[in-house]
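# Structural characterization, general
The lines below spell out each chain.
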Protein chains: 2
Amino acid sequence: MIRNFGQGKIRTSNILKNSLSNADLFESYGADACECPSSHKKFYFVFSQSRPLDLIELEQLLQSVGWSRRPTRRVKKALENSLLKVGLWQHDSKFPRLIGFARCTGDGILQATVWDVAIHPVYQGLGLGKELMAYLLKSLKALDIERVVLFADPGVVSFYKNQGWELEPKGDRCAFWYAN
Amino acid sequence: MIRNFGQGKIRTSNILKNSLSNADLFESYGADACECPSSHKKFYFVFSQSRPLDLIELEQLLQSVGWSRRPTRRVKKALENSLLKVGLWQHDSKFPRLIGFARCTGDGILQATVWDVAIHPVYQGLGLGKELMAYLLKSLKALDIERVVLFADPGVVSFYKNQGWELEPKGDRCAFWYAN
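Residues numbered from 1 in each chain as written. Chains lettered and ligands numbered in written order. Predicted model: local features only at pLDDT ≥ 70, side-chain atom pairs only at ≥ 80, totals over all residues. Heavy atoms only, no water.

## Focus on the packing of helix H2 (residues 55-64) of chain B against helix H3 (residues 72-80) of chain B
Residues and elements named next belong to chain B. Interhelical geometry of H2 versus H3 gives an angle of 95° and a closest axis separation of 11 Å. The angle between H2 and H3 places the two elements in the roughly perpendicular class. Across from Leu55, Leu58 and Glu59 in H2, the residues of H3 making contact are Thr72, Val75, Lys76 and Leu79. For the contact of H2 with H3, a count of residues per class yields four nonpolar, one polar and two charged. (Axes fitted to C-alpha atoms, helices over the stretch in contact; angles between N-to-C directions. Helix = DSSP H or I, 4+ residues; strand = E, 2+ residues; numbered from the N terminus. Parallel < 35°, antiparallel > 145°, perpendicular 65-115°, else oblique. Contact = heavy atoms within 4.5 Å. Nonpolar A, V, L, I, M, F, W, Y, C, P; charged D, E, K, R; others polar.)

Listed below in structure tokens is the structure:
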């Protein structure tokens, strides 16, 4: 599920806009890296599916948007079995910071389900969430996926609706079953 | 998504109730096979996750409950990448018939999504759909999955609600994106 997108302030950084070369990009984030457009005048934001994720940093990000803590061992397995994992990084030549994330599960061709979409609260309001979803759908299109579904908190329903997501088509309802 | 469960009549069969041994069960349906309880006095119904599925027979089953036709190549890939596939068979020593099906995608530990739940219309009204879902959840529990989700047509919402599924907890909405 996707938490509400609040507002916040961004810390200062030692990176100036327009200083990031493709060489820097690929070296730090992998050959699949690409810049995430943003309205921020100073910082670079980068999508990567291959830069390794620090599980503690990821859990801190997910908790910052309100997820409850999950055992690292279980998160590790879930990531290993995910169809797609996208990290969104605030570029820093020494210490890139994971400020956004999303992942998908699915059968790789007919269906995909989006989980754990998060933009760190202090980086919200820059259009990064919209760019993250656009990048995710572009990546799923490349896999020729037919249909993508997600579960949205009431607070972000309009966010997805505005991006062309269809809410409960034909009156479909989502039903949840919990082990505990 | 899950289609409405209608009513129908069952064809005659050359199998009499109480004639199925464990040896028959395992030989025909694999070591993971187990009988599916039903209110029918005459026929045996069997769950199997390992008995190979005939893709044409599966598509005929899914079309019988109203799914639109899908290319066999894509269905094959989707099944290969599914976390769990359950076939429900009307036992016949010579020609077992696939009369029910369900599959799950997921990350194998945190989340699972249920797809393609179907009971052939002429076998509906015997409690097989309820047994199929109970079997599916039991299998997912064995994998230690935390949460299972599915999408229900309006006609079967009460079917899931009556089995303890929670509809859109905390006002969550499901959103769909289609490639075409």
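Back to the write-up after that little detour.
## Description of the sheet that holds strand E7 (residues 166-167) of chain B
Across a sheet, strands are paired by hydrogen bonds formed along the backbone, either parallel or antiparallel in direction. With respect to topology, eight strands assemble into an open sheet ordered E1(B)-E2(B)-E3(B)-E4(B)-E5(B)-E6(B)-E8(A)-E7(B), the strand pairing being mixed. One side of each edge strand has no neighbouring strand; the edge strands of this open sheet are strand E1 (34-35) and E7 of chain B. By the bridge criterion, six bridges tie strand E8 (residues 173-178) of chain A to strand E6 (residues 147-152) of chain B in an arrangement that is antiparallel. Across the sheet, A:Cys174 pairs through a bridge with B:Phe151, a residue of E6(B). With respect to the sheet, H2(B) is in contact with strand E3 (84-90), strand E4 (97-106) and strand E5 (111-119) of chain B, its orientation differing from that of E4(B) by roughly 90°. (Pairing = 2+ DSSP bridges.)

## A look at the interface of chain A and chain B
Across the contact, 47 residues belong to chain A and 47 residues belong to chain B. At the boundary of chain A with chain B, total buried surface from both sides reaches about 5100 Å², with 57% on carbon and sulfur atoms. Three residues stand out in chain A for area buried against chain B, namely A:Arg74, A:Arg173 and A:Trp177, and they jointly supply 17% of the buried area on that side. For the pair chain A and chain B, the number of links is eight salt bridges. A salt bridge links B:Arg173 to A:Glu168; the nearest nitrogen and oxygen atoms lie 2.9 Å apart. Summed over the shared surface of chain A and chain B, the number is 25 residue pairs in polar contact (both at pLDDT 80 or more). If you list the elements that add at least two residues to the side of chain A that touches chain B, you get helix H3 (72-80), strand E4 (97-106), strand E5 (111-119), helix H4 (128-142), strand E6 (147-152), strand E7 (166-167) and E8 of chain A. Looking at side-chain class alone, the side of chain A that touches chain B contains 24 nonpolar, eight polar and 15 charged residues. (Buried area = accessible area lost by both parts, 1.4 Å probe. Salt bridge = Lys/Arg side-chain N within 4 Å of Asp/Glu carboxyl O. Polar contact = N/O pair within 3.5 Å; in protein donor to acceptor, adjacent residues only side chain to side chain.)

## Comments concerning H2(B)
Residue and element names in this part refer to chain B. Along H2, the positions that sit buried rather than exposed are Leu55, Leu58, Glu59, Leu61 and Leu62. End-on, the buried residues of H2 take up no more than an arc of 155°, which puts them together on one face. When the buried face of H2 is taken as reference, the exposed residues oriented beyond 90 degrees from it are Ile56 and Gln60. Among the structural elements, H3, E4 and E5 are those in contact with the buried residues of H2. Capping of H2 at its N-terminal end is provided by Asp54; its side-chain oxygen lies 2.8 Å from the backbone amide nitrogen of Ile56. Residue Gly66 follows H2 closely and has a positive phi angle near 105°. (Buried < 20%, exposed > 50% of the residue type's maximum accessible area, 1.4 Å probe, protein only. Arc of directions from axis to C-beta.)

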